[in-house]
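Chains, contacts and geometry: an overview
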Amino acid sequence: QVQLVESGGGLVQAGGSLRLSCAASGRTVGTYSWGWFRQAPGKEREFVASITRGGGITNYADSVKGRFTISRDNAKNTVYLQMNSLKPEDTAVYYCGVKSLATMRYDYWGQGTQVTVSS
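Our subject in this report is the structure included herewith. (Residues numbered from 1 in each chain as written. Predicted model: local features only at pLDDT ≥ 70, side-chain atom pairs only at ≥ 80, totals over all residues. Heavy atoms only, no water.)

Things to note about the sheet that holds strand β1 (residues 2-7)
Just so we agree on the cut-off: We call two strands paired when DSSP finds no fewer than two bridges between them. Put simply, DSSP H or I for four residues or longer makes a helix, DSSP E for two residues or longer makes a strand, and each gets a number counted from the N terminus. Axis geometry follows a simple rule: fit a line to the C-alpha atoms, using only the stretch in contact for helices, then measure angles between N-to-C directions, giving values from 0 to 180 degrees.
Read across the open sheet, the four strands follow the order β1-β3-β8-β7; overall the sheet is antiparallel. Of all strands in the sheet, those with a lone pairing partner are β1 and β7 (68-73), marking the two edges. When strand polarity is set aside, the average angle formed by the axes of neighbouring strands in this sheet is 15°.

Here it is in structure tokens:
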């Protein structure tokens, strides 16, 4: 089992920045990659960014490319999402997930952190 705890959400004006953190504990040795997803009211959960545990290979949704940066600290079992030039449409609950080597699926999720961008 892997436990994930997100932090760093909040209210920010358009154009501002926030940095989300996701700390993992438990059996993290089987992690293939970390991912950030978000879900706005009335919408499906959508992919934002991911980073592999080994190699640090990143992938981003087109809507956040050039504005968001995902990074990880394997020693601390923590992944970060630096969000710059925030827009009102970035408002959502942001979730951290772990993709397992065994299943290659996101098997573990955090509780989510609210990000609200005012215009």
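That shown, we press on.
Here's the deal with the pairing of strand β11 (residues 113-118)
We count it as follows: Only protein chains enter the accessibility calculation, which uses a 1.4 Å probe. A residue is then buried if its area is under 20% of the maximum for its type, exposed if over 50%, and partly exposed in between.
Of the two faces of β11, the one lined by Thr113, Val115 and Val117 is fully buried and the one lined by Gln114, Thr116 and Ser118 carries no buried residue. Bridging between strand β2 (residues 10-13) and β11 involves four bridges; their strand directions are parallel. Residue Val12 lies in a different strand from β11, and its bridge partner there is Val117. Sheet topology places strand β9 (residues 92-100) next to β11; three bridges connect them, and they run antiparallel. Looking at β11, one finds that Tyr94 is bridged to Thr113.

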